Amino acid sequence: MVKRVVVGAHYGMRDWLAQRLTAVVMVAYSLVLAVVLVRGEPITYSVWRDLFAEGWMRVATLVFAVSLVWHAWVGTRDILMDYIKPDGLRLALQVFTVLLLAGYLGWTIQVLWR
Amino acid sequence: MSSAAAKKLRPKYLNLRALLFEIRLPLPGWISILHRVSGALLVFPFAAWLLYMLDRSLASEQTFQAVKSYLDLRLVKAGGLLFIWAYCHHLCAGVRFLLLDLNRGIELVPARRSSVAVLVVSLALTAFFGARLW
């Protein structure tokens, strides 16, 4: 078996590990948000706005969004590599995915710091 | 491998009919393929849809109320329920895969048991959050 080193050349190990670490980040954020939604006061506009006005919430949401696009990129790429055989179509779909995910990230930043 | 063996025709059953009716996928297999399906759904359309609703809900008091009444539509609630299921399934199955990566529960019996747990917990969470949505 080839010895694979995370910090070495790009074997795919880095993507594999990144997908798992970003998953853990998103689970943590999900738990916090679920507790806020379930245990807190009823969500009115002022409660909702004040929550996303908090510095920690904005940063946590941004970290979540970055984790999501990274995680989703690895996952989508896996799916495209498994099912889409023609190279040109696969490349086109991968480019589309990158643009979509970059768009999500830009939109998230715009929503958080408007 | 000799070239004769490599060229030997092997039967292939990987068509939709076979996948649906002939191959009996064990439960861990279903958890896995549903993890993939739910992941794809979360990337698109659900991420875009939720981001849109987050955008509107934070823009102003009026747009917040508009999102609230939008969420009262039956079709929207059905979509929301599908999102909740996809999220819960993807999360629960993902935790199981993380444990498998750490060599936890990789024997046949615990692996099957944990796949049942994923199904039960994710459906229970879907029912819980779905009830709050409805």
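Residues numbered from 1 in each chain as written. Chains lettered and ligands numbered in written order. Predicted model: local features only at pLDDT ≥ 70, side-chain atom pairs only at ≥ 80, totals over all residues.

Engineer: So what's going on with the overall build of chain A? Residues and values would help.
Structural biologist: Secondary structure assignment for chain A yields four helices and zero strands. Along chain A, from the amino end to the carboxyl end, the secondary structure elements read α-α-α-α. Dimensions of chain A, computed from C-alpha atoms along their principal axes, come out at roughly 55 × 30 × 20 Å. For chain A, with 114 residues in total, the buried portion stands at 17%. (Helix = DSSP H or I, 4+ residues; strand = E, 2+ residues; numbered from the N terminus. Buried ≥ 20, exposed ≤ 12 C-beta atoms within 10 Å, placed from the backbone.)

Engineer: Requested: an account of the nonpolar core, with residues and values cited.
Structural biologist: Val-69 and Ala-72 of chain A together with Ile-84, Tyr-87 and Cys-88 of chain B are the most contacted members of the largest nonpolar core, which totals 24 residues. At the level of secondary structure, the elements contributing two or more residues to this core comprise helix H1 (13-39), helix H3 (55-83) and helix H4 (87-112) of chain A together with helix H3 (27-59), helix H5 (74-101) and helix H6 (108-133) of chain B. Sorting elements by how many residues they give to this core places H5 of chain B first, with nine residues. (Core = buried A, V, L, I, M, F, W, Y, C linked by C-beta atoms within 7 Å.)

Engineer: Give me the packing of H3 of chain B against helix H4 (residues 61-70) of chain B: which residues, what numbers.
Structural biologist: Residue and element names in this part refer to chain B. Their axes nearest at 5 Å, the elements H3 and H4 cross at an angle of 135 degrees. By the angle between their directions, the pair H3 and H4 is classed as oblique. Across the interface between the two elements, Met-53, Arg-56, Ser-57 and Ala-59 of H3 pack against Thr-63, Phe-64, Ala-66 and Val-67 of H4. Taken together, the residues of the contact of H3 with H4 break down into five nonpolar, two polar and one charged. (Axes fitted to C-alpha atoms, helices over the stretch in contact; angles between N-to-C directions. Parallel < 35°, antiparallel > 145°, perpendicular 65-115°, else oblique. Contact = placed C-beta atoms within 7 Å. Nonpolar A, V, L, I, M, F, W, Y, C, P; charged D, E, K, R; others polar.)

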